[in-house]
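# Structural description and commentary
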Amino acid sequence: MTTKALVMSDRSDEYTGKKGLVKQQIITVMDQSETGERLAQPIEYALSEEEKPVHAGKLQDKVINLGIRELLPFGGRLRARGKIVGLVGKQER
């Protein structure tokens, strides 16, 4: 599923997992789909290692196309897995 989403926050996150310290770049997004059937709550998305150099710290308040293949519970929130398909409109600079 691909959705148009507003990036509400773009932050670094660290936690200790089963294999030690995990460092991630997390964006929190709100569904902005034009179909009228939108997700009611924000979801989180962890940037992949390939996406970090391109997007980390640069997506705050931007509208992106997010390709979601999984939604999983993570710390009381939903976390999406997938990929950033691109920015919406002429926001790229």
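Preceding this paragraph is the structure being described.
The present account deals with the structure reproduced in this document. (Residues numbered from 1 in each chain as written. Predicted model: local features only at pLDDT ≥ 70, side-chain atom pairs only at ≥ 80, totals over all residues. Heavy atoms only, no water.)

## Notes on the environment of Ile84
With respect to the helices and strands, Ile84 occurs in strand β5 (residues 77–87). By relative accessible area, which is 10% here, Ile84 ends up buried. Each C-alpha atom of the pair Ile84 and Tyr15 lies 23 Å from the other, and the pair is 69 residues apart in sequence. (Helix = DSSP H or I, 4+ residues; strand = E, 2+ residues; numbered from the N terminus. Buried < 20%, exposed > 50% of the residue type's maximum accessible area, 1.4 Å probe, protein only.)

## A closer look at the pairing of strand β1 (residues 2–17)
Summarising the sheet, β1 and strand β4 (residues 63–74) pair through 5 bridges and their orientation is antiparallel. Across the sheet, residue Thr3 finds its bridge partner in β4, namely Leu66. As defined by bridge partners, β1 adjoins strand β2 (residues 20–31) across 12 bridges and the pair is classed as antiparallel. By the bridge assignment, Arg11 is partnered in β2 with Ile26. What sits between β1 and β2 in their antiparallel hairpin is a turn of 2 residues. (Pairing = 2+ DSSP bridges.)

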